[in-house]
Amino acid sequence: MSLFEFWRRTEERLEQLRRTNQLRLSPAQVSRLLGDSEVQTELQNEGIMSLLPPVGTELFRRFTPASLEKIRERHEAEERKQQNDQVTEKAPSNDMAAGKPLPFIYGDPPPELLTTPLEELDPFYQSQKTFMVLSKDNIIHRFNCESACFLLSPFNLLRRFSIKLLLHPFSRIFMLLTILTNCCFMLIKIKSPVLSGILELIFMVIYTLDVLVKVVSRGFCLGRFTFLRDPWNWLDLLILTTGCVTKFVDLAKFSVLITIPRVLKIFTVIPGMKKTVEALLQLVKRLADVIILMAFCLSILAMIGLQLFMGNLRQKCIIWPPPLMENITAGYHDNMTWSGDFDFHSYINDPVNHYHMPGHLDALLCGNSSDSGMCPEGTVCLRDGRNPTYGYTNFDSFGWSLLSVIRLMTHDFWENLLQLVVRATGKSYATVFVVIFFPGCFFVVSLILAVVAMAMAEREEAGAAEAKQKEEEFRRIVEVLKEKEEEEEQASSRAELPEKRDSPQKKNSAAESQSNEQEQDAVKGEPSRCSFIHVFLQGDCCGCWRWIKQRCYTFIMNPCFDLGIVLCLVLNTVFMAMEHYPMTPSMEEHLSISELVFTFIFTAEMILKLVALGCSGYFKVSWHIFDFILVVGSLLELGLSDVEGFTVKFRTLRVVRLARWWPSFHMFLKMIQSSVGNVALVLLFLLFLSVVVGMQLFQRDYKDQVCRIAMDCELPRWHMHDFFHTLMVIFRVLCGEWVEILWDCMEVSGQATCLVFFMTVMVIGHLLVLVLFLNLLIKSFSLEKLSSPEEKGRNNLQTAITKSSTWILDHIWTFQGKKNHVDPDHKADKDNRKEYVALDFVTSDQPAVNGNHDNHDRAPVAEAEVEFNSPESEEEKEQRSEKLQDEENLKENTPEDCCWESCCCPFQSVDTSQGPLRIWSNFRRACLLIVQHKLFEGFIVFIILLSSTALVFEDIHLQSRPVLQKVLDTADLVFSFLFLVEMLLKWIAFGFKKYFSSFWCWLDFLILDVSLVSLLLSWMGFNTQYLRTLRTLRVPSRFQGMKVVLKVLVVTVPAMLQVLLVVLTVWLIFAILGVNLFAGKFYYCFNETSEEYFLPAVVNNKTECYSLIESNMTEIRWKNTKFNFDSVASSYVALLLLAMSHSWYDIIYASMDSRKVEDQPVYETNLYMYLYFMCFITIGCYFTFSFFIRSFISALQQQRHKTGNHVFMTEQQHKFSTSMKTLFSEPNKDVQRPQNQCHARLFDVVTAPCFEIFMGMVICLNMVALMVETYEQSWEKEVVLYWFHFILLLIFLLEFFLKIIALRRHYFSSCTNIVDFVILIVCIAGLFVADLVEKYFVSPQLFAVLRLTRILWLLRLIRFSKGIRMLIVGFVMSLPALVNIGLLLFLLVFTFSVVGMFNFAYVRKEALINDLLNFETFGNSMLSMMMVTTSSAWDGLLFPIMNTPPDCDPLKEHPGSVVVGDCGSPVVGIIFFATYINLFFLLVLYLFSAVVLETFNTRSPEDPEDLKLLSDHHLQMFYKTWRKFDPDASQLIEYSELSDFCDALQDPLRIPKPNNIKLIQMDLPLLPGDQVHYVDVLQALTAQLFGKSGQSDALRARLEEKFFTNPSKVSQEPISSTLQRKQEEVAASVIQRAYRKHLLQDAGDKETSHPAGGGATGISGATSQ
């Protein structure tokens, strides 16, 4: 099943589950089902009917001592059968499992039997010494019928009371409240030890009583369904054990063992959460294969980093000792010699002597290569000291390298790691990240996403299949019951026929009495008209009031009323968005007046609706309740506007009201509402558990060891000393930001505890977030059925808009003097009628009984390459194909008309086939041959690539290189001329009509026009660098793969515009709220000389800051942050940073420090403003992203439905992908066993599975040996590892010799063996030639990486794991799509790098723009844009671009350049990065979609038979051969021709002659006339090839879909088979042989009997004489 198929059936599946949950039988149907033996006999084939007791037996029977005796008798009988091996295997019913509701066939039990022991209904448990109890909602519970703890029998009053208490709803509510109260006290630090001890004692008593109730009711451990048999009850034991241990032992940090089980116990109290957790655990089991593959891939990447960058991050700039030290003789690096008492190593290890950049805690890293980071003057680059970030960022050992790789995989602060590596090793090593690390991490993450999605899809499909089965059984039961009822009604009607005459009078009297009773009941039940409650709810006591109510109702139901309200909401939103800081007093006054007006309008709306509908009618609609809350809140906001500290802004929520008339927005709100489920609750409780555990583990450490992470010994912003800060930390970890907090935690608390805690929170949290995300996608289809009433049909707003547009159009046409205006609705109906007629005409070959009722069931016939059509001779086919080929060649070589038919060209009707114009026709034909030639296309592609490459050299150094600039200018002229010639040739060859009908030709035309205009402007002295970047847009038109992706991009983007509008609206709400909360509050007084903030005690507000400025302190400024909420536009930029960047801390810090407008910020004075950002990340990012992905997948599904092919591949690539799947699926051919005895034994050794397992263990040892390598390891360790690698190499060499001897030339026929041989050669070269290569050629690190290739031997073990093999097959099949998308990604990065180089080359170097990351050269620009690809730290690149005077110098001169100033352009920068990030984000979605699609398309490992179906290429070959033997397309051939047919096939299906014996063994079905069918032959050949026949129906469906558009109705009932026919022939020959033998014997007896008779007669005659 493909992803699109699963996505298409989502709505149907959810509707199926909804119907199944509502299946109920009436009490009459249940009684008939249980009491009618005929019904049960007719339904005996249904699986669920096996659960019913015999007819006449009571259904729900109390569990009594007699019941216990019967169970013991059954159990003894079962044991006797087991001893005699006569027992039949039974399984418990899935419908009657414990914890599930009672099946619908039983109906509802009597209320008095709830929480009462009953006899088992499941036949499996009727002999298992158990009894069942039904709780509320008919939930099944099972208990052991043996005595609990050997004391309490099932009939003991105490045990029965415990069962009732255990299953009572109030006990569950009480336990839930107890756990929640205990969780609350966990957060409160109680200073009194006595009170703390009392509370702990109370909780322990409650938990102990809960355990006692469970043990008394269930038993402890012996028997089924006892206390310890349920793993959830182990939490109770853990709670009691840890609670008792803490009374005697101080557990310190291990006190979390008390907290964890108590919080997890809440899952046992809420059944829905318990099932969700169990489903998640099952999901984790499905992830076993991908977890193993992930560990393997991450280990490989970690070892690559270990070998490449070991010790490199220790290189730092050391301040050179002053020249006054005369005891220094000379030296450099390790060759320095020092005299006297000067300790050089202590000097370079002292952090005081390390060079630090301002504001950085770590020393400046450097390298000794030409493209690495350089040290400033007075410093030298040395390798010593600790690594950056407290020593935790390094590749010095396998563990730290693995941590860095995980950091890269999660994209957490990876840009810092890239900068450190590039600065220490060089820019060339950035390719390691692009080529190795990023693809490897993408491979792991995409497969995890695909497997989780597949697991959830399979779970949904299994649930839907079970629901479908239940619905079919229910439908069958209802049908049988209805049939029985109809039969009884017919019988009773025949019996009561004489009584029909008296029935009308009885009916009339009964109807009269019933109507009288109803009138009396109505009179009794009708309240008094003037009662207070009726007046308050209905408001129709007075006739005058009812008249007013009717008029108000008519007014509010008018469509124009809704249109007016919507316009008011839109205008109110516009006015709210106009607020900004600073505003003039008049602007504030106008906005306040507008707010009063809109508040009055919406209050009047509420009053009108209350009057028209009454209170009861008004508050029945949820939207009215929301409107009422908003109006009341707005009035309170107006009344309390002067109250200081009141910041609640109800009016911003008025935008949400638009969702009532906006279906997409309404669906988004429904999605948020549907997210409140069990998965979300599990995520919230695990979030709470993580917060509590984090506090208990690290609270004291952060307080005691704070000086190790803070210079001022004050707690940093991110710590776990209190609840709210710990909540901030955990939320940040769930957002993917964990590594920086992990460093601080390891520094204050220890490495092991912090690593375990953070990795656990990150893995479990991200898995739950992913599951919640997929649940939202699956549920989103059911939301369309939950739409508001206004969405069904045409709502009032649509009606009002239609009427308004019609009225406006009528007046416009009347004004123009045209009377006959056509109604749009009438025109639409006419168009629809025309469309229906056209559809009827198309499908007129089908009988249309009910119009075009069946038209929607007909699917168009797919075109196939080869089809079974009417019989046609070979000569006719050849003639027709030659004719078509000639026509196509003539059409291709003949140019089309130059202009359109409507063109007024005078040469349009001139005959060019004769006369002088024939030369022009021949010239056009010659031009057509030129432009269609492959060499011409290749030359144009080369010129396009060359022109794009020329842009690389236009950096800031170009003006200092006049020769290069002249070459580029000349090349620009040449490129423009060549493209002009290309366009002219295509104009002549194709003509204007065909040329301008192609989008790509239009694009080339426009780009060429821009190039010519840029040449003209450059000659006039203007700068036209920006226009030359359009050259790269020519590239996609020449590569089919990129064109396919661009086509999908163009199709999907417009389809998601409405979703994008919803997202912008949601962000608008947060933007307006951000303006109301933070406008003007991010300003601060700053000393630019000392780069320090003023404390509030020194400068409290803007006035005091300006007073300091006026006192000639020019270094002081009243500044604003670059990203703020002073207006809606700036709020959008800030929200974009929050959503698409990992470096959003500055905005959050400014908000938490904000006080009032124009006040100096105070450290964390407004801490709870963090909740605003938490809400935005949850609603504005997470839910909007889910909504966007839903629309994205729907758009891809529509594109797949239109094209019918893979959405990201060309047809050739799709064939390659299918062939790769076939290659991986086909088994390897076995090598023949040698005849020589010694050779054969060696062959058996190397081909034995034990040999492969042994070599796998050796490879694992090799992997471990590579892992234990560390930086600065001892000389002894190096020697041991060297000889260990040498021994392993000898083992691999011995394996090679054994296999080459045993397999001979067949060794190199296997790709695996060839790879082994290459790896062996490389390893030998790396071990013995490393020193020579290091001295004379390249760095030995490359050979260290080549040594890692030996780990590829582990890939041979993949064939033992079907799951891992299928994952790799899915990823390999997606490689063509990944290549197409990757090329487009590279083009995007290339283009934006050039644009950035042209626009931001001279901006001021600050934040992330430095000597390595900048836009000065193409390499640096590519490196900078590569960092932005994952939305990481792009705000650091945007920050300098946002500089305007006085933050930059607009008059600064740059040596060697005419450009002046280092200021940026904020608008251009925001547009540049926002466009790049969104495009790249969409293409990355394509990458993940390609992998997920292909992983879904690969079959599950549990169904390997599907892999054995043949590919389309094999089916084509089979059919072409079949057509030669079956020219009439009858789908049958003679059995006598089968031998020739099988010999004529190609491999792998070919069976060469002699093949009669094999054909007989295939046991082919023989049809009348000794004929065989094509499907039977193909299935037999498939079984012959793969060893087992499989999926005949699927294979037949594929053949008919692929090749047979009109399959003939051939009788396929076989009369015999080839094997049976052979057996009949053999039997006939045996019978004939025996009969001949019998005849010969009889003839011989007759021949011998006559001479014998004559002799006897003579003797007797002689004697007688």
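Residues numbered from 1 in each chain as written. Predicted model: local features only at pLDDT ≥ 70, side-chain atom pairs only at ≥ 80, totals over all residues. Heavy atoms only, no water.

Participant: Would you mind going over the overall build of the protein in detail, with residue names and values included?
Facilitator: Tallying secondary structure elements over the protein gives 59 helices and 14 strands in all. The buried share of the protein, taken over its 1665 residues, is 44%. Taking the intrachain contacts of the protein between residues at least 6 apart in sequence as the baseline, contacts between residues at least 24 apart amount to 75%. A total accessible area of about 88,600 Å² is found for the protein, and carbon and sulfur atoms account for 62% of it. (Helix = DSSP H or I, 4+ residues; strand = E, 2+ residues; numbered from the N terminus. Buried < 20%, exposed > 50% of the residue type's maximum accessible area, 1.4 Å probe, protein only. Contact = heavy atoms within 4.5 Å. Areas by Shrake-Rupley, 256 points an atom, 1.4 Å probe, with all protein chains shown as cover.)

Participant: A description of unusual backbone geometry should follow, citing residues and the corresponding values.
Facilitator: Cis geometry is adopted by the peptide bond preceding P582, which originates at Y581 and carries an omega value of -5°. Cis geometry is found at the peptide bond from P1445 to P1446, where omega equals 15°. Take P1446: it is sitting in the loop between α52 (1434-1441) and α53 (1466-1497). One non-glycine residue, R1304, lies in the positive phi region at around 60°.

Participant: Lay out a negative patch on the surface with the relevant residues and their values.
Facilitator: Where like charges cluster on the molecular surface, the negative patch consists of E479, E483, E485, E486, E487 and E489. For E486, a relative accessible area of 47% translates into the label partly exposed. (Patch = residues over 30% accessible without salt bridge, like charges linked within 9 Å, V, L, I, M, F, W, Y side chains within 5 Å. Salt bridge = Lys/Arg side-chain N within 4 Å of Asp/Glu carboxyl O. Lys, Arg positive; Asp, Glu negative; His and termini not counted. Charge placed at Lys NZ, Arg CZ, Asp CG, Glu CD.)

Participant: Tell me about the sheet that holds strand β8 (residues 1084-1087), and please be specific about residues and values.
Facilitator: On the basis of which strands lie adjacent, the open sheet formed by 3 strands has the order β9-β8-β10 and antiparallel pairing. This sheet does not close on itself; its edge strands, each paired only once, are β9 (1092-1093) and β10 (1116-1119). Relative to β10, β8 runs antiparallel, the two sharing 4 bridges. The residue bridging Y1084 from the neighbouring strand is K1119, located in β10. In the packing of helix α38 (residues 1102-1110) onto the sheet, the strands contacted are β8 and β10, and the crossing angle to β10 comes to about 150°. (Pairing = 2+ DSSP bridges. Axes fitted to C-alpha atoms, helices over the stretch in contact; angles between N-to-C directions.)

Participant: Account for the packing of helix α25 (residues 723-734) against helix α27 (residues 751-779), with residues named and values stated.
Facilitator: Interhelical geometry of α25 versus α27 gives an angle of 60° and a closest axis separation of 9 Å. It follows that α25 is oblique to α27 by the angle criterion. The hand of the α25/α27 crossing is right-handed. Counting all contacts with α25, which are made through V729, I730, V733 and L734, the residues of α27 involved are F757, F758, V761, M762, G765 and H766. Across the contact of α25 with α27, the residue classes tally to 8 nonpolar, 2 polar and no charged. (Parallel < 35°, antiparallel > 145°, perpendicular 65-115°, else oblique. Left-handed = near helix turned anticlockwise from the far one by under 90°. Nonpolar A, V, L, I, M, F, W, Y, C, P; charged D, E, K, R; others polar.)

Participant: Before we move on, can you summarise the pattern of salt bridges with the specific residues and values?
Facilitator: Counted according to the given criterion, the structure contains 43 salt bridges. Of the charged contacts in the structure, one is a salt bridge between R651 and E595, with a shortest N-O distance of 3.7 Å. A residue pair is termed long-range when its members are at least 10 positions apart, and R651 in the loop between α22 (622-639) and α23 (663-674) and E595 in helix α21 (residues 585-618) qualify at 56 residues. Neither residue differs from the other here; R651 and E595 are each classed as buried.

Participant: Please set out the state of the cysteines residue by residue, giving values where relevant.
Facilitator: Evaluation of the coordinates by the stated rule reveals 6 disulfides. Through a disulfide, C366 is tied to C381; the S-S separation comes to 2.1 Å. Measuring the twist about the S-S bond at about 100°, one finds the C366-C381 disulfide to be right-handed. Of the two residues, C366 is situated in the loop between α13 (344-349) and β7 (379-383) and C381 in strand β7; the sequence distance between them amounts to 15 residues. (Disulfide = S-S within 2.5 Å.)

Participant: Before we move on, can you summarise the pairing of strand β2 (residues 130-134) with the specific residues and values?
Facilitator: Most of β2 sits inside the fold, with 5 of its 5 residues counted as buried. The alternating pattern of β2 places T130, M132 and L134 and F131 and V133 on opposite faces, both of which are buried. Sheet analysis places strand β1 (residues 117-118) next to β2, joined by 2 bridges and oriented antiparallel. What sits directly across from L118, in β2, is M132. Note: β2 against strand β3 (residues 140-144), 5 bridges, orientation antiparallel. Following the sheet pairing, T130 is matched in β3 by N144.

Participant: Before we move on, can you summarise the packing of helix α32 (residues 934-950) against helix α33 (residues 962-995) with the specific residues and values?
Facilitator: As a packed pair, α32 and α33 sit with axes 11 Å apart at the nearest point and diverge in direction by 150°. What the angle tells us is that α32 and α33 run roughly antiparallel. Where α32 crosses over α33, the two elements pack in a sense that is left-handed. Residue-level contacts link F936, F939, I940, I943, I944, L946, S947 and A950 of α32 to L968, F975, L978, F979, E982 and L985 of α33.

Participant: Explain a nonpolar patch on the surface residue by residue, including any values.
Facilitator: Judged by side-chain polarity, L973, L1016, W1019, M1020 and F1022 come together as a nonpolar surface patch covering roughly 600 Å² of accessible area. Counting through the fold element by element, W1019 comes out in helix α34 (residues 999-1019). Here W1019 falls in the exposed class, since its relative accessible area comes to 64%.

Participant: Go over the pairing of β7, please, and point to the residues and values.
Facilitator: The side chains of a regular strand alternate, residue by residue, between the two faces of the sheet. Across the 5 residues of β7, 4 count as buried, placing the element largely inside the fold. Inspection of the sheet shows strand β4 (residues 315-319) paired to β7 by 5 bridges, in the antiparallel sense. Its bridge partner lying in β7, I318 is registered against V380.

Participant: Quick one: what's the story with the packing of aromatic side chains, residue by residue and with numbers?
Facilitator: Counted by the stated rule, this structure contains 88 aromatic pairs. For the ring pair F1078 and F1173, a centre distance of 6.0 Å and an interplane angle of 15° mean the geometry is stacked. Here the residue F1078 occupies a position in helix α37 (residues 1057-1078), and F1173 occupies one in helix α41 (residues 1170-1203), the gap between them amounting to 95 residues. The pair formed by F1078 and F1173 is uniform in burial state, with each residue classed as buried. Aromatic side chains Y1182 and F1183 sit 5.6 Å apart centroid to centroid with 80° between the ring planes, which places their arrangement in the edge-to-face category. (Phe/Tyr/Trp six-rings, centres within 6.5 Å; stacked < 30°, edge-to-face > 60°.)

Participant: Requested: an account of the nonpolar core, with residues and values cited.
Facilitator: Core analysis: the biggest nonpolar cluster contains 296 residues, and F758, Y1170, F1208 and Y1486 have the highest contact counts within it. For this core, the leading source of residues is helix α24 (residues 678-704), giving 16 residues. When neighbours within four sequence positions are excluded, Y1170 is seen to be in contact with W718, F724, M728, F731, R732, W1144, I1148 and M1152. (Core = buried A, V, L, I, M, F, W, Y, C linked by side-chain atoms within 4.5 Å.)

Participant: Hey, could you go over helix α20 (residues 559-577) for me, with residue numbers and the actual values?
Facilitator: The terminal C-alpha atoms of α20 lie 27 Å apart, and with 19 residues this matches the ideal 27 Å at 1.5 Å per residue to within 8%. Every buried residue of α20 is listed here: P559, F561, D562, L563, I565, V566, C568, L569, N572, T573 and M576. In this structure N558 caps α20, since a side-chain oxygen of it lies 3.0 Å from the backbone nitrogen of C560. (Expected span 1.5 Å × (residues − 1). Polar contact = N/O pair within 3.5 Å; in protein donor to acceptor, adjacent residues only side chain to side chain.)

Participant: I'd love a proper account of α32, names of residues and values included.
Facilitator: With 17 residues, α32 extends 24 Å between its outermost C-alpha atoms, agreeing within 8% with the 24 Å of an ideal straight helix rising 1.5 Å per residue. Listed as buried for α32 are F936, I940, V941, I943, I944, S947, S948 and A950.

Participant: So what's going on with the environment of Y1282? Which residues, and what values?
Facilitator: Among the structural elements, Y1282 can be located in helix α45 (residues 1275-1303). Judged by relative accessible area, Y1282 falls into the partly exposed class, the value being 36%. Y1282 sits 17 residues away from A1265 along the chain, and the two C-alpha atoms are 9.6 Å apart.

Participant: Just give me the short version of the sheet that holds β3, but keep the residues and values in it.
Facilitator: Reading across the sheet, the 3 strands line up as β1-β2-β3 and stay open at both edges, with antiparallel pairing between neighbours. Every interior strand has two partners, whereas the edge strands, β1 and β3, have only one.

Participant: Which residues make up the confidence of the model for the protein, and what values go with them?
Facilitator: Counting all residues, the mean pLDDT for the protein is 79, and 78% of those residues have values of 70 or more. This stretch, residues 324-337, has a pLDDT under 50; its non-local contacts, to residues over four places away or in other chains, come to 24 contacts. Confidence drops under a pLDDT of 50 for residues 509-530, and excluding neighbours within four residues, the segment shows 8 contacts in the predicted structure. (pLDDT = per-residue confidence, 0-100.)

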